[in-house]
Number of protein chains: 2
Amino acid sequence: MVVSDRIESAPGSSKRSSRKRLAILDAATEVFLRDGYLGTSMDEIATLSSVSKQTVYKHFSSKEALFVEIVSSLTDRTGDAVHAEMPPMQEAGDVATYLEAYGYRQLSIVLTPRIMQLRRLVIGEVSRFPDLARVLYERGPQRAMGELADLFSQLAADGLLAVKDPAMAAVHFNWLVMAQALNQAMLLGDDAIPTPAEQRRAVKEGLAVFLAAYGVKR
Amino acid sequence: MVVSDRIESAPGSSKRSSRKRLAILDAATEVFLRDGYLGTSMDEIATLSSVSKQTVYKHFSSKEALFVEIVSSLTDRTGDAVHAEMPPMQEAGDVATYLEAYGYRQLSIVLTPRIMQLRRLVIGEVSRFPDLARVLYERGPQRAMGELADLFSQLAADGLLAVKDPAMAAVHFNWLVMAQALNQAMLLGDDAIPTPAEQRRAVKEGLAVFLAAYGVKR
DNA sequence: ATGCAACTAGACTGTCCAGTACCGATGTGT
DNA sequence: ACACATCGGTACTGGACAGTCTAGTTGCAT
């Protein structure tokens, strides 16, 4: 029920065993993301990973455990990708330019079929797996806005932004940049994910509003 | 698969029949919202509505048809509630005051357990029922932003707002006001729905940013 | 009150699925 | 090359569920 069970492969860690384990994880990821928790059968996972059902159960004690493992791992990897080091505002001395790059980076990483499917899956299972959703929230939007808030604090201290409440500014920036695209993609499917050009435009426009409120006049 | 079948009750519209029909719809709404499409059984719906399974199938040809009916009807009713006539900016001659009321109204109507559950349900079923999700998108956010765009057009014509692209301004206003609360409620569950006081604050803060970008200086 | 449509109860079919059991085959470390 | 853990195939158990069927019951309109 909870996030756990990330301790190597429990049985012998022979090469074969971990190869199988990976195959199972890959197949399960694909099927769960496509068909949801209840819509997925363990037989399908076994078949798709070219592994016997027995082997699946040797690695994962139950469907639920496998599901939790998949979602946790995807969530973590995604979070790390989003928050890989962003070069902290070097020669792009222009705040606007820097924030535009920052926003576009976030948007383009998040607006991926994979991540959209994960979000839909987790949201659809909120009542069955509230812990998974909470973790996704914390490792996702919350973490992103936390880092943004830190950034804005710094920029405010440097006199480059007029930010009184960094957390609030982070919320505004984050959603000015991402909300429309995200909401569209969530409901209209992966085909509604904006093109890079559209993403850039959304970031520019959102940033303009943000700077009107939080920029320093010069 | 598609939205249809809203023509009275197909069999004789005796009082009893329509009473049963309503009971079924009520029970099905509750169960589907709670347990999702696959997680719901027709037996449970029958039991909860104190009706025999046979009667359920006399009114709705299949589980899928019942589901579509429920979701469509909920979507429509919600859309109508959100877009019931808003007194068009009378004595509250102040644009800010008016927009604050407008925003708060939207937020407080949308941030309801019922509607959050509906959104989660539909999002979780995007790949199984893409039409339902599309309808929810159109009757929900798209419609709201459409009306906002009209409003902004008018206000711009009256010289009360500096809006060049009403649709874009609508997107910004909508998400500045709603995104944070909505995203939180989607992932953290109904208990994370902000209190009215918090909602008011979010609207005020979002509106301030909006007006910094789109307000007319005076 | 009477006839008929609508309803109830529950059994039933066919299918699907999580999880287990068994056994013969196979790859791995030594 | 050998021994043994691991694996594949497959069948099985127990239970759930969509949808159907039947036979008897109930409530509504006339």
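To be clear, the structure that these remarks concern was listed above.
These remarks concern the structure in this document. None of these values were measured; they are calculated from a predicted model.

### Topic: the interface of chain A and chain B
Accessible area lost when the parts come together is the quantity often used to give the size of an interface.
Moving on, step 1. Across the contact, 39 residues belong to chain A and 39 residues belong to chain B.
Moving on, step 2. Sorting the residues of chain A by area buried against chain B places A:Ile123, A:Tyr137 and A:Leu187 first, and these three jointly supply 21% of that buried surface.
Moving on, step 3. On inspection of chain A and its partner chain B, the count reaches 2 salt bridges.
Moving on, step 4. Counting across the chain A and chain B interface gives 8 residue pairs in polar contact (both at pLDDT 80 or more).
Moving on, step 5. For the side of chain A that touches chain B, the secondary structure elements donating two or more residues are α1 (15–35), α6 (113–124), α7 (130–157), α8 (166–188) and α9 (196–214) of chain A.
Moving on, step 6. Class assignment for the residues of the side of chain A that touches chain B results in 21 nonpolar, 9 polar and 9 charged.

### Observations regarding the packing of aromatic side chains
Moving on, step 1. The full count for this structure, using the stated rule, is 20 aromatic pairs over all chains.
Moving on, step 2. Between A:Phe210 and A:Tyr214, the ring centres sit 4.8 Å apart and the planes meet at 35°, which makes this aromatic pair tilted. Pair noted here: A:Phe210 and A:Tyr214 are both in helix α9, with a separation of 4 residues, about one helical turn. Accessibility classification places A:Phe210 together with A:Tyr214 in one group, the buried group.
Moving on, step 3. Aromatic side chains B:Tyr37 and B:Phe129 sit 5.0 Å apart centroid to centroid with 80° between the ring planes, which places their arrangement in the edge-to-face category. Within this pair, whereas B:Tyr37 is found in the loop between α1 (15–35) and α2 (42–48), its partner B:Phe129 is found in the loop between α6 (113–124) and α7 (130–157), the two being separated by 92 residues in sequence. Of the two residues examined, B:Tyr37 and B:Phe129, each falls in the buried class.
Moving on, step 4. Among the aromatic side chains, those forming a connected cluster through ring pairs are A:Phe32, A:Tyr37, A:Phe67 and A:Phe129.

### As for α6(B)
Moving on, step 1. Across its 12 residues, α6(B) extends 16 Å between first and last C-alpha, which sits within 8% of the 16 Å expected from 1.5 Å per residue.
Moving on, step 2. Looking at α6(B), one finds that the buried residues are B:Ile115, B:Met116, B:Leu118, B:Arg119, B:Arg120, B:Leu121, B:Val122 and B:Ile123.

### A look at the nonpolar core
Moving on, step 1. Of all hydrophobic cores here, the largest spans 142 residues; its most connected members are A:Leu99, A:Phe152, B:Leu99 and B:Phe152.
Moving on, step 2. Among residues more than four places away in sequence, those in contact with A:Leu99 are A:Leu151, A:Phe152, A:Leu155, A:Leu161, A:Phe173, A:Leu207, A:Phe210 and A:Leu211.

### Thoughts on the relation of the copies chain A and chain B
Moving on, step 1. Note on the identical chains: chain A maps onto chain B by a rotation of 180° and an axial translation of 0.0 Å, with an RMSD of 0.1 Å. Look at the turn and shift together and you get a two-fold axis relating the two. Using C-alpha coordinates, one finds that chain A approaches the rotation axis most closely at A:Gly124, a distance of 2.0 Å.
Moving on, step 2. An overlap of 100% is found between the interface residues of chain A and their copies at the interface of chain B, pointing to a shared contact surface.

### Things to note about the protein's contact with DNA strand D
Moving on, step 1. Near DNA strand D there are 20 residues, and of these A:Thr55, B:Arg19, B:Met42, B:Lys53 and B:Gln54 occur at the shortest range.
Moving on, step 2. Atoms of DNA strand D within 4 Å of the protein belong to the sugar or the phosphate in 66% of instances, the rest to bases.
Moving on, step 3. Here a base nitrogen of DNA strand D and a side-chain polar atom of B:Gln54 are 2.3 Å apart.
Moving on, step 4. Elements supplying a minimum of two residues to the surface near DNA strand D: α1 and α3 (53–59) of chain A together with α1 and α3 (53–59) of chain B.

### Structural notes on helix α9 (residues 196–214) of chain B
Structurally, the α-helix is built with 3.6 residues per turn, so residues lying three or four positions apart point the same way.
Moving on, step 1. When the terminal C-alpha atoms of α9(B) are compared, their 26 Å separation across 19 residues agrees well with the 27 Å that a helix rising 1.5 Å per residue should span.
Moving on, step 2. Residues B:Gln199, B:Val203, B:Gly206, B:Leu207, B:Val209, B:Phe210 and B:Tyr214 constitute the buried set of α9(B). All buried residues of α9(B) lie within an arc of 160° about the axis, which places them on one face of the element.
Moving on, step 3. Check the buried side of α9(B) and you find it contacts α8 and α9 of chain A together with α5 (95–110), α7 and α8 (166–188) of chain B.

### Brief notes about the packing of α6(A) against α8(B)
Moving on, step 1. Packing of α6(A) against α8(B) leaves a shortest axis separation of 8 Å and a crossing angle of 65°. On α8(B), the residues touching A:Arg119, A:Val122 and A:Ile123 of α6(A) are B:Asn183, B:Met186 and B:Leu187.
Moving on, step 2. Here the contact of α6(A) with α8(B) is composed, by residue class, of 4 nonpolar, 1 polar and 1 charged.

### Things to note about the side chain of B:His172
Moving on, step 1. When you line up the elements, B:His172 lands in helix α8.
Moving on, step 2. Contact partners of B:His172, with chain neighbours within four places excluded, come to A:Leu176, A:Glu205, A:Gly206, A:Val209 and B:Tyr214.

### Here's the deal with the pattern of salt bridges
Moving on, step 1. Taken as a whole and assessed by the stated rule, the structure comprises 25 salt bridges over all chains.
Moving on, step 2. The shortest N-O distance in the salt bridge between A:Lys204 and A:Glu100 comes to 3.1 Å. Of this pair, A:Lys204 sits in helix α9 while A:Glu100 sits in helix α5 (residues 95–110), placing them 104 residues apart in sequence.
Moving on, step 3. Here A:Lys204 falls in the partly exposed class, since its relative accessible area comes to 48%.
Moving on, step 4. The salt bridge partner of A:Asp131 is A:Arg134, with a shortest N-O separation of 3.7 Å. Here A:Arg134 and A:Asp131 lie together in helix α7, a separation of 3 residues that amounts to about one turn.
Moving on, step 5. Judged by its relative accessible area of 37%, A:Arg134 falls in the partly exposed class.
Moving on, step 6. Connected through salt bridges with shared partners, the residues B:Glu30, B:Arg34, B:Asp35 and B:Glu44 form a single ionic network.

Cut-offs applied
- Along each chain, residue indices are assigned from 1 in the same order as the chain's sequence is written.
- The naming scheme follows written order: chains are lettered A onward, ligands numbered 1 onward.
- It should be noted that, the model being predicted, local features are given only for residues of pLDDT at least 70 and side-chain atom pairs only at 80 or more, the latter also being counted only at that level, while totals for whole chains, interfaces and linings use all residues.
- Water and hydrogen atoms were dropped before computing side-chain values, which therefore reflect all heavy atoms in the structure.
- Contact definition: two residues touch when any of their heavy atoms are within 4.5 Å.
- Buried surface area refers to the total accessible area, computed with a probe of radius 1.4 Å, that the two partners give up upon joining, counted for both partners together.
- Here, a salt bridge means any side-chain nitrogen of Lys or Arg that lies within 4 Å of a carboxyl oxygen of Asp or Glu.
- In protein, a polar contact means a hydrogen-donor-capable atom and an acceptor-capable atom, both N or O and within 3.5 Å, with residues adjacent in sequence counting only if both atoms are side-chain atoms; elsewhere, any N or O pair within 3.5 Å suffices.
- To qualify as a helix, a DSSP run of H or I must reach at least 4 residues; to qualify as a strand, a run of E must reach at least 2; elements of each kind are numbered from the N terminus.
- Nonpolar residues are Ala, Val, Leu, Ile, Met, Phe, Trp, Tyr, Cys and Pro. Charged residues are Asp, Glu, Lys and Arg, and all others, Gly as well, are polar.
- We call Phe, Tyr and Trp rings a pair once their centres come within 6.5 Å, taking the six-membered ring for Trp, and we label the pair stacked below 30 degrees between planes, edge-to-face above 60, and tilted otherwise.
- Here's how the labels work: a residue is buried when its accessible area is under 20% of the maximum for its type, exposed when over 50%, partly exposed in between, all with a 1.4 Å probe on protein chains only.
- How far a helix is expected to stretch is found by multiplying one less than its residue total by 1.5 Å.
- Definition of nonpolar core: a set of buried residues of the types Ala, Val, Leu, Ile, Met, Phe, Trp, Tyr and Cys, connected through side-chain atoms within 4.5 Å.
- Superposition of the copies used a least-squares fit over C-alpha atoms from residues whose pLDDT is at least 70 in both.
- Proximity is defined per residue: if any heavy atom of the residue lies within 4 Å of a molecule or strand, that residue is considered near it.
- Here the arc refers to the directions that run from the helix axis out to each C-beta atom.
- Working convention: axes come from line fits to C-alpha atoms, limited for helices to the stretch in contact. Angles between N-to-C directions cover 0 to 180 degrees.

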